[in-house]
Amino acid sequence: YFRSLNRIYAFNGSQWKVFGTKESTHLTQIGNTIVYNDLEKGLFRIDNGNAIFIEGSELLKYKPITNIVSLHNGWYVLTEKHGLIKFHEGKWKILENDISLFLKQNRVHSACKINDSLMAVGTYLKGIVLIDHEDKIQMSFTKETGLQNNTIASLHFSPNHQLWVGTYNGIN
């Protein structure tokens, strides 16, 4: 699977299938499920070659998604400017707490899962925060604490338990 701005492409080894969207900002795999967003509709999952709308996700309309991280059997949807939205046991909840306010103010640019209880979130303005499944900041990293830059373009947690950080000034 891969995505362009207005299409999702699936290749099964011999054939291509194309899913049209008005505009998509994110495509991810959560467990065995492929999930993507359509800015005008919400989230979709691909099931047996069909795009299936995820009920209730219309609350994500017109909110560019930077990542979706699965923690403790729930999804955390990270939006660029609209904070954190949680999907747990089939219910959606827009989080209105300190961490969501911090993320709104500092704009989410990237994120990755560390383990089932912890994710790293990179921002445009304030470096990286490690957030747990109880919506608490466990640690933060900024230029003042050793990063090359506070704008975090990408994050990757490697199989040997290292957090790789792509800043606008290079890799940390």
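Refer to the structure above for everything that follows.
Cut-offs applied
- Residues numbered from 1 in each chain as written.
- Predicted model: local features only at pLDDT ≥ 70, side-chain atom pairs only at ≥ 80, totals over all residues.
- Heavy atoms only, no water.
- Pairing = 2+ DSSP bridges.
- Helix = DSSP H or I, 4+ residues; strand = E, 2+ residues; numbered from the N terminus.
- Axes fitted to C-alpha atoms, helices over the stretch in contact; angles between N-to-C directions.
- Buried < 20%, exposed > 50% of the residue type's maximum accessible area, 1.4 Å probe, protein only.
- Salt bridge = Lys/Arg side-chain N within 4 Å of Asp/Glu carboxyl O.
- Phe/Tyr/Trp six-rings, centres within 6.5 Å; stacked < 30°, edge-to-face > 60°.
- Lys NZ or Arg CZ within 6 Å of the ring centre and 35° of its normal.
- Core = buried A, V, L, I, M, F, W, Y, C linked by side-chain atoms within 4.5 Å.
- Contact = heavy atoms within 4.5 Å.

A.B. asks: So what's going on with the sheet that holds strand 5 (residues 33-38)? Residues and values would help.
C.D. replies: On the basis of which strands lie adjacent, the open sheet formed by four strands has the order 4-5-6-7 and antiparallel pairing. The open sheet has two free edges, formed respectively by strand 4 (27-30) and strand 7 (50-53), since each of these has just one partner strand. Pairwise comparison of adjacent strand axes, ignoring direction, gives a mean angle of 35 degrees for this sheet. Here strand 4 runs beside strand 5; their pairing, made up of four bridges, is antiparallel. Looking across to strand 5, one finds that Q29 is bridged to I34.

A.B. asks: Account for the environment of V121, with residues named and values stated.
C.D. replies: Position of V121 among the secondary structure elements: in strand 13 (residues 118-123). Owing to a relative accessible area of 0%, V121 belongs among the buried residues under this scheme. Counting along the chain gives 102 residues from V121 to F19, while the straight-line C-alpha distance between them is 29 Å.

A.B. asks: Could you give an account of the pattern of salt bridges, naming the residues involved and the relevant values?
C.D. replies: Summed over the entire model, instances satisfying the criterion amount to five salt bridges. Measuring nitrogen to oxygen at the nearest pair gives 2.4 Å for the salt bridge that ties E80 to R107. One end of the pair, E80, is in the loop between strand 9 (74-79) and strand 10 (84-88); the other, R107, is in the loop between helix 1 (98-106) and strand 12 (108-115), and 27 residues separate them in sequence. For E80, a relative accessible area of 16% puts it in the buried group. A salt bridge links D135 to K86, with the shortest nitrogen-to-oxygen separation between them at 3.9 Å.

A.B. asks: Tell me about the packing of aromatic side chains, residues and numbers included.
C.D. replies: This model, assessed by the stated rule, comprises eight aromatic pairs. Ring geometry for F11 versus W16: centroids 4.7 Å apart, planes at 40 degrees, classification tilted. For F11, a relative accessible area of 44% gives the class partly exposed. An aromatic cluster is built from F2, Y9, F11 and W16, whose rings are joined through pairwise contacts. Stacked on the ring of Y124, the Lys or Arg R107 has its end atom at 4.4 Å from the ring centre.

A.B. asks: Could you give me a rundown of the pairing of strand 10, with the residues and numbers involved?
C.D. replies: Looking along a regular strand, one sees side chains alternate from face to face of the sheet. Sheet analysis places strand 9 next to strand 10, joined by five bridges and oriented antiparallel. In the sheet register, V77 faces strand 10, and the bridge partner there is I85. Counted along the chain from strand 9 to the antiparallel partner strand 10, the turn is four residues long, and its residue G83 has a positive phi close to 75 degrees. Pairing of strand 10 with strand 11 (residues 91-94), which is carried by four bridges, proceeds in the antiparallel orientation. Bridging from a neighbouring strand, F87 pairs with W92 of strand 11.

A.B. asks: Give a detailed account of the nonpolar core, specifying residues and quantitative values.
C.D. replies: Counting residues in hydrophobic clusters, the biggest one holds 14 residues, and the most contacted among them are L78, L84, L103, M119, V121 and I131. Mapped by element, the contributors of at least two residues to this core are strand 8 (65-71), strand 9, helix 1, strand 12, strand 13 and strand 14 (128-132). Not counting residues within four places of it along the chain, the set of residues in contact with I131 comprises L71, I99, L103, S117, L118, M119, V121 and K136. Of all hydrophobic cores here, the second largest spans twelve residues; its members include I30, L43, L60 and I68.

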